[in-house]
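# A look at the structure
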Amino acid sequence: MTDQHGELDAALERVIDAARHHLAAVRAAQGRVDDDDVWQAYVALNNASFAYDEQLLDAFGEVTPWDVESIDPEEADQRFGAAEGVEPTDPHPRVISVRQRRDYRVPSVSALIRVAEAARREGTPAEDEPEPVEGVGEAVLELLQSGDGSLGALDVPELEALDGVVMVSEVGTPVDLESFDDDDPVGPFQPAADDRLVGRLDEHPFMELDEEHDHAH
């Protein structure tokens, strides 16, 4: 066996060892986001795979299915902010706040309540009887809760979308919901004196052009 073949075998063993180490790190992290050990193991596995792919190409003109590029471990540590013994610093100490408002017209209150009650029934166990939906506000909240929690959950024929606005600001302190009463409609959305507006996006509902008007032009 040539030295080239021996080096290729050694490169493959490094891939296997790196994969095992990465799996062990992932298991130990138990789903923890931005775990340092998982990141380091990922970089090692990536680079071992890249090296093996390069050596396989040099030896036999073959490639692996791994489409990876080499990662500089030092640069990776700097980007990840997890250098050994160094507390990562936050380059953006302020908080980004996104405030969104979207208005809707309710063509039929009874139709809106019916669709909200249908959504509530779908989320209620078969052996339980769902409570009736009382009022427009409860209907809208039910649609949000039964959907994905975003305004996209309100894209239903029973609500006619009007204009909306999205405002992105830099704020010094994150919102503290415990400091506001549940029925306070202003407090959580009130900008502070040192907040800085980054940008504003005006939203307009999509309006289909009238075909006759279109043809006239």
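Everything below is about the structure printed above this text.
Predicted, not measured: the structure shown is a model, and the values here were computed from it.

A word on the overall build of the chain. For the chain, the count of helices and strands is six helices and three strands. Ordering the α and β elements of the chain from the N terminus gives α-α-α-β-α-α-β-β-α. Among the 217 residues that make up the chain, the fraction classed as buried is 21%. Considering only contacts within the chain whose residues lie at least 6 apart along the sequence, 69% involve residues at least 24 apart. Accessible surface for the chain amounts to roughly 16,200 Å². Of this, 52% is attributable to carbon and sulfur atoms.

With that settled, the discussion passes to the environment of Val 156. Structurally, Val 156 can be placed in the loop between helix H5 (136-146) and strand E2 (160-171). Take Val 156: its relative accessible area is 19%, and that puts it in the buried class. The spatial distance from the C-alpha of Val 156 to the C-alpha of Leu 112 is 9.0 Å, given a sequence separation of 44 residues.

On to the packing of helix H1 (residues 3-29) against helix H2 (residues 36-60), then. At a minimum axis distance of 8 Å, the contact between H1 and H2 shows a crossing angle of 160°. On the basis of the axis angle, H1 is roughly antiparallel to H2. H1 and H2 meet at a crossing whose hand is left-handed. Here the contact of H1 with H2 is built from residues that sort into 19 nonpolar, six polar and four charged.

All right, on to a nonpolar patch on the surface then. A surface patch of nonpolar side chains, amounting to about 280 Å² of accessible area, comprises Ile 96, Val 98 and Val 198. The class of Val 98 is exposed, set by a relative accessible area of 56%.

Its 14 residues give helix H4 (residues 109-122) an end-to-end C-alpha distance of 20 Å, which sits within 8% of 20 Å, the value for a rise of 1.5 Å per residue. Among the residues of H4, Ala 111, Leu 112, Ile 113, Ala 116, Ala 119 and Arg 120 are the ones counted as buried.

Note that Asp 53 resides in helix H2. Buried and unpaired, Asp 53 has Arg 14 as its nearest opposite-charge partner, separated by 14 Å. Excluding its chain neighbours within four sequence positions, the residues that come into contact with Asp 53 are Glu 62, Val 63, Thr 64 and Trp 66.

What counts and how
- Residues numbered from 1 in each chain as written.
- Predicted model: local features only at pLDDT ≥ 70, side-chain atom pairs only at ≥ 80, totals over all residues.
- Heavy atoms only, no water.
- Helix = DSSP H or I, 4+ residues; strand = E, 2+ residues; numbered from the N terminus.
- Buried < 20%, exposed > 50% of the residue type's maximum accessible area, 1.4 Å probe, protein only.
- Contact = heavy atoms within 4.5 Å.
- Areas by Shrake-Rupley, 256 points an atom, 1.4 Å probe, with all protein chains shown as cover.
- Axes fitted to C-alpha atoms, helices over the stretch in contact; angles between N-to-C directions.
- Parallel < 35°, antiparallel > 145°, perpendicular 65-115°, else oblique.
- Left-handed = near helix turned anticlockwise from the far one by under 90°.
- Nonpolar A, V, L, I, M, F, W, Y, C, P; charged D, E, K, R; others polar.
- Patch = residues over 30% accessible without salt bridge, like charges linked within 9 Å, V, L, I, M, F, W, Y side chains within 5 Å.
- Salt bridge = Lys/Arg side-chain N within 4 Å of Asp/Glu carboxyl O.
- Expected span 1.5 Å × (residues − 1).
- Lys, Arg positive; Asp, Glu negative; His and termini not counted.

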